[in-house]
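Here is what each chain is made of, one letter per residue.
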Amino acid sequence: VSRASPKNAYEHVVLATQTYRPMDFAAQITLNQGTMWGHMRLFIKLLEKEPEGKYVIMRDPNRAIVRIYGVPAGTFEDSDGSDDDEEEG
């Protein structure tokens, strides 16, 4: 992702994407499937205590901290109103 214009901090463009097969990605990040479900259970318990809404889970790249942010309901919605399921038909 890059800025559309160096002076505009609000508009960005996607430069490239990359896909991985799930098992290859798991091996690359040394994912232990046993502890993965424990972490998932922890996130579920944490989010159950929060009011219903939309949240973003982000890991701090420089420290071993995971942060959970509440975001407005319309965040990450397509502005053109199209749905990915409609395109596959």
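Residues numbered from 1 in each chain as written. Predicted model: local features only at pLDDT ≥ 70, side-chain atom pairs only at ≥ 80, totals over all residues. Heavy atoms only, no water.

What follows deals with the pairing of strand S3 (residues 54–59). The sheet contact formed by S3 and strand S4 (residues 66–71) spans 6 bridges and is antiparallel. Considered in S4, the bridge of Tyr55 is made with Gly70. (Pairing = 2+ DSSP bridges. Helix = DSSP H or I, 4+ residues; strand = E, 2+ residues; numbered from the N terminus.)

In this section: the packing of aromatic side chains. Taken as a whole and judged by the stated rule, the model has 1 aromatic pair. Taking the centre distance of 5.6 Å and the plane angle of 35° together, the rings of Tyr20 and Phe25 count as tilted. The exposure class of Tyr20 is partly exposed, given its relative accessible area of 41%. (Phe/Tyr/Trp six-rings, centres within 6.5 Å; stacked < 30°, edge-to-face > 60°. Buried < 20%, exposed > 50% of the residue type's maximum accessible area, 1.4 Å probe, protein only.)

Taking 1.5 Å per residue as the helical rise, helix H2 (residues 33–48) with its 16 residues ought to reach 22 Å, and the 23 Å between its terminal C-alpha atoms agrees with that figure. The N-terminus of H2 is capped by Asn32, whose side-chain oxygen sits 2.9 Å from the backbone nitrogen of Gly34. (Expected span 1.5 Å × (residues − 1). Polar contact = N/O pair within 3.5 Å; in protein donor to acceptor, adjacent residues only side chain to side chain.)

Okay, the pattern of salt bridges next. For the coordinates displayed, the defined rule picks out 3 salt bridges. A salt bridge links Arg21 to Asp24; the shortest N-O distance between them is 3.1 Å. Judged by relative accessible area, which is 59%, Arg21 ranks as exposed. (Salt bridge = Lys/Arg side-chain N within 4 Å of Asp/Glu carboxyl O.)

Glancing now at unusual backbone geometry. Positive phi is not limited to glycine here, since Thr30 has a value of about 50°. Note that Thr30 resides in the loop between helix H1 (22–28) and H2. Using a relative accessible area of 67% as the deciding quantity, one classes Thr30 as exposed. You will see that Phe76, though not glycine, has its phi angle at about 70°, which is positive.

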